[in-house]
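Residue-level structural notes
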Amino acid sequence: MIHIVIGALMMLGFILLVNNVRRRGLSVSLWQWGLTVLAFLYGVFVCEMIISFLQEGAGRAALVMGVILGFLAVVWAVLLGRFIFTRRAG
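Parameters and conventions
- Think of each chain on its own: its residues are numbered from 1, step by step along the sequence as written.
- Local features in a predicted model are, by the rule used here, given only for residues with pLDDT of at least 70; side-chain atom pairs are given and counted only at 80 or more, and totals for whole chains, interfaces and linings are based on all residues.
- Side-chain measures were taken over the full set of non-hydrogen atoms in the model, leaving aside hydrogen atoms and water.
- Numbering goes from the N terminus for both helices and strands, where a helix is a DSSP run of H or I of at least four residues and a strand is a run of E of at least two.
- Here a residue-residue contact requires only that any non-hydrogen atoms of the pair lie within 4.5 Å.
- Grid points spaced at 1 Å over the protein atoms alone were grouped into cavities, where a 1.4 Å probe fits but cannot get out, and pockets, open sets with protein on both sides within 12 Å along at least five of seven lines, with lining residues defined by an atom within 4 Å of a point.
- Grid points are joined across faces, edges and corners, and a volume is the space filled by probe spheres set on the points.
- Note on residue categories: nonpolar means Ala, Val, Leu, Ile, Met, Phe, Trp, Tyr, Cys or Pro, charged means Asp, Glu, Lys or Arg, and polar means any other residue, Gly included.
- To estimate the expected span of a helix, count its residues, drop one, and scale the result by 1.5 Å.
- Relative accessibility decides the category of a residue: with a 1.4 Å probe and only protein chains considered, values under 20% of the type maximum give buried, values over 50% give exposed, and everything between is partly exposed.
- In this description, a nonpolar core means a group of buried Ala, Val, Leu, Ile, Met, Phe, Trp, Tyr and Cys residues linked to one another through side-chain atoms lying within 4.5 Å.
- Any pair of Phe, Tyr and Trp rings, taking the six-membered ring for Trp, is counted once the centres come within 6.5 Å. Such a pair is stacked with planes under 30 degrees apart, edge-to-face with planes over 60 apart, and tilted for the rest.

Some details on the environment of Ala62
Secondary-structure assignment places Ala62 in helix 3 (residues 59-83). Residues Ala62 and Val21, 41 residues apart in the sequence, show an inter-C-alpha distance of 34 Å. Once residues lying within four places of it in the same chain are set aside, the contact partners of Ala62 are Ile50, Phe53 and Leu54.

A closer look at the layout of surface pockets
Quantified by volume, the largest pocket comes out at close to 230 Å³. Residue lining of the largest pocket: 15 residues in total, with Ala39, Phe40, Gly43, Ala73 and Ala77 positioned closest to the centre. Taken together, the residues of the lining of the largest pocket break down into 12 nonpolar, three polar and no charged.

Details of helix 2 (residues 30-56)
The terminal C-alpha atoms of helix 2 lie 39 Å apart, and with 27 residues this matches the ideal 39 Å at 1.5 Å per residue to within 8%. Along helix 2, the residues that are buried comprise Gln32, Thr36, Ala39, Tyr42, Gly43, Val46, Glu48, Met49 and Ile51. Along its buried surface, helix 2 packs onto helix 1 (2-24) and helix 3. In the stretch just after helix 2, Gly57 is the one whose phi turns positive, near 90°.

Quick look at the nonpolar core
Counting eight residues, the largest nonpolar core is built from Leu17, Val21, Leu26, Val28, Ala39, Leu80, Ile84 and Phe85. Leave out the neighbours within four places in its chain, and Val28 touches Val21, Trp33, Ile84 and Phe85.

Let's talk about the environment of Arg82
Relative to the helices and strands, Arg82 is located in helix 3. On the accessibility criterion, Arg82 (40% relative accessible area) is partly exposed. Considered as a pair, Arg82 and Met1 are 81 residues apart in the sequence and their alpha carbons are 34 Å apart.

Concerning the packing of aromatic side chains
On inspection of all chains with the given rule, the structure shows four aromatic pairs. Note on Phe14 and Trp33: the rings are 6.1 Å apart at their centroids and 70° apart in plane angle, and the pair reads as edge-to-face. With Phe14 in helix 1 and Trp33 in helix 2, this pair connects stretches of sequence that are 19 residues apart. The interplanar angle of 45° and the centroid separation of 5.7 Å between the aromatic rings of Tyr42 and Trp76 together place this pair among those described as tilted. With Tyr42 in helix 2 and Trp76 in helix 3, the pair connects residues that are 34 residues apart, well separated along the chain. By relative accessible area, which is 18% here, Tyr42 ends up buried. Members of the aromatic cluster, connected to one another through ring pairs, are Phe14, Trp33 and Phe40.

Written out as structure tokens, the structure reads:
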């Protein structure tokens, strides 16, 4: 059930991002949308990996991999937000 929740939250986030871009009138090119889709898929991968490790009983592995890959996901999201989804960048 948690996998469905993770997928639903990621899709909700993507739909809200698309609506925000349309509302603000930003022009985002195809390669920028491609990077955004990859970032969302990477976020799903990190969340699913953490959940899988926790279900297997490997809490320490979930923590270590979650911190390392989660940090990379946060950096990627900040870079996307700064360089693609701002009015100055668009």
